[in-house]
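Residue-level structural notes
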Amino acid sequence: MGNNFTITVVDENEKKGNENINLAIEEIRRIEKLLTTYKEDSQTNLINENAGVKPVKVDLEVFNLIERSVGISKITQGAFDISYGSIDKSLWNFDKTMTKLPDAETALRMVHLIDYRNINLDKEKTTVFLKEKGMRIGFGGIGKGYAAEMAKQILVKNNVQSGIINASGDLCAWGLQPNGKKWTIGVANPDAPTGAFSYMEISNKAVATSGNYEKFVTINGKKYSHTIDPKTGLPITGIKSVTIIASNAEFADAMATPIAVMGIKAGLFLIDQIPDLYCIIIDDSNKIYTSKNINLK
């Protein structure tokens, strides 16, 4: 998935603990095969290859994930959109070879294919059809959270009472530490990501962070985040990081990027409308904004 996963389980027996960790790894690998765009025969690629041509029958699991993704697109008014795949590396590659911004006209021309409303879903046949030729879907905004959540569920079914699955900073934690306390989670400092600016104690919660320190380019002294606004094709500015706390890793992962795209005011307003969803935003001036009922330590 292009991400490191760290799996921690609490167990009285080291051998049993390692066996359970291997179960979680197998589940993550299974999901990667299902969702990847790097394998020609993956279901994601089959959907993309048949864009504008015909519907593609997929596993119910893939269908349901796409359906939930479209639901998140609706509540975020398109700020989250799995059909972002049409923006390819010719527009944004975020590596050292990138020395200038694409012009706004080119960016707009490429984003016209991004539109979750053109993903046709047939629940009875479990088919997915992308209406426009050239449309592409990808699970970069939700896949690692989904994998973490599914791996957690496998472990819970296997009677693992407590643990953490960390997918490159998007994590879910359940149960308690061996000392009986909740898990302590650090929220990364955007200016020094290896350190934390704040800590939270959590159990049976998921935390996901989207930050401009993860992947960016600096052009003419200005930092451009890898978070792209699907409506303009250009990177967002003004926000250094968004941290989401939810009861589910998939939902936490999916909400982190669109809140950054929506901006501080609209993003926090949306978060406060959804039960059991919380948010911490740090802007470019290091000012901290939080949704209701968050107590930072």
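First things first, this report covers the structure right here in the doc. Every chain's residues receive numbers from 1 upward, in the order its sequence appears when written. Local features are withheld for residues below a pLDDT of 70 in this predicted model, meaning they are given only at 70 or higher, and side-chain atom pairs are given and counted only at 80 or more; totals for whole chains, interfaces and linings count all residues. Heavy atoms throughout the structure, all of them, feed into the side-chain values; hydrogens and water do not.

1. So, the packing of helix α6 (residues 249-262) against helix α7 (residues 264-273)
Operational definition: All axes here are fitted lines through C-alpha atoms, helices being fitted over the stretch that makes contact, and every angle between N-to-C directions spans 0 to 180 degrees. Every helix listed is a DSSP run of H or I at least four residues long, and every strand listed is a run of E at least two residues long, numbered separately from the N terminus. Any angle that falls under 35 degrees is termed roughly parallel, while one over 145 is termed roughly antiparallel, one within 65 to 115 roughly perpendicular, and all others oblique. Definitions for this section: a left-handed crossing has its near helix turned counterclockwise from the far helix by less than a right angle. A right-handed crossing has that turn clockwise. For this analysis, residues touch if any pair of their heavy atoms sits within 4.5 Å. Nonpolar residues are Ala, Val, Leu, Ile, Met, Phe, Trp, Tyr, Cys and Pro. Charged residues are Asp, Glu, Lys and Arg, and all others, Gly as well, are polar.
Where α6 contacts α7, the two axes come as close as 6 Å, and the packing angle between them is 135°. When the interaxial angle is binned, α6 and α7 end up oblique. For the element pair α6 and α7, the recorded crossing hand is right-handed. Residues Met255, Ile259 and Met262 of α6 pack against Ala266, Gly267, Leu270 and Ile271 of α7. Considered class by class, the residues forming the contact of α6 with α7 number six nonpolar, one polar and no charged.

2. Section: the environment of Thr243
When you line up the elements, Thr243 lands in strand β12 (residues 239-246). Sequence spacing of Thr243 and Gln161 is 82 residues, and the spatial spacing of their C-alpha atoms is 26 Å. Sequence-distant contacts of Thr243, that is, excluding residues within four places in its chain, are made with Val187, Val207, Ala208, Thr209, Tyr278, Cys279 and Ile280.

3. With respect to the nonpolar core
Just so we agree on the cut-off: Take the buried Ala, Val, Leu, Ile, Met, Phe, Trp, Tyr and Cys residues and link them wherever side-chain atoms come within 4.5 Å; each set so joined is a nonpolar core. A 1.4 Å probe rolled over the protein chains alone gives each residue an accessible area, and that area as a share of the maximum for its type sets the label: buried under 20%, exposed over 50%, partly exposed in between.
By size, the foremost hydrophobic cluster in this structure holds 62 residues, and its most contacted members are Ile66, Ile119, Ile244 and Ile259. In terms of residue count, α6 provides more of this core than any other element does, eight residues in total. Beyond its immediate sequence surroundings of up to four residues, Ile66 is in contact with Ile47, Ile82, Ile119, Leu121, Val128, Ile137 and Phe139. Core analysis: the next-biggest nonpolar cluster, separate from the first, contains 12 residues, Leu171, Val187, Val207 and Ile245 among them.

4. With respect to the sheet that holds strand β14 (residues 288-290)
Sheet strands associate in pairs through backbone hydrogen bonding, adopting either a parallel or an antiparallel arrangement. We count it as follows: One requirement defines pairing of two strands: DSSP has to find at least two bridges between them.
Spatially, the seven strands line up as an open sheet ordered β1-β5-β6-β9-β12-β13-β14, and their pairing is antiparallel. In the strand order of this sheet, the two ends are held by β1 (5-9) and β14, each with one partner. This sheet shows a mean twist of 10° between the axes of neighbouring strands, independent of strand direction. Bridge count between strand β13 (residues 278-283) and β14: three bridges; the pairing is antiparallel. Residue pairing across strands places Ile282 opposite Ile288, the latter belonging to β14. Across the sheet, α7 is in contact with β12, β13 and β14; its angle to β13 comes to roughly 170°.

5. Some words on the pattern of salt bridges
It is possible for side chains of opposite charge to pair when their charged atoms get near one another. Operational definition: Basic side-chain nitrogens of Lys or Arg form a salt bridge, by our definition, when they fall within 4 Å of a carboxyl oxygen of Asp or Glu.
Taken as a whole and assessed by the stated rule, the structure comprises nine salt bridges. Between Arg68 and Glu250 there is a salt bridge; the shortest N-O distance is 2.8 Å. One end of the pair, Arg68, is in helix α3 (residues 60-75); the other, Glu250, is in helix α6, with 182 residues separating them in the sequence. On the basis of relative accessible area, Arg68 is assigned to the partly exposed category, the value being 36%.

6. Some words on the packing of α3 against α6
Interhelical geometry of α3 versus α6 gives an angle of 45° and a closest axis separation of 11 Å. Relative to α6, the element α3 is oriented oblique. You can see that α3 and α6 cross each other, and the crossing is right-handed. For the pair α3 and α6, the contacting residues are Leu65, Arg68, Ile72 and Ile75 in the first and Glu250, Phe251, Ala254 and Met255 in the second. Among the residues making up the contact of α3 with α6, the classes are represented as six nonpolar, no polar and two charged.

Purely spatial values, then, with no claim about function.
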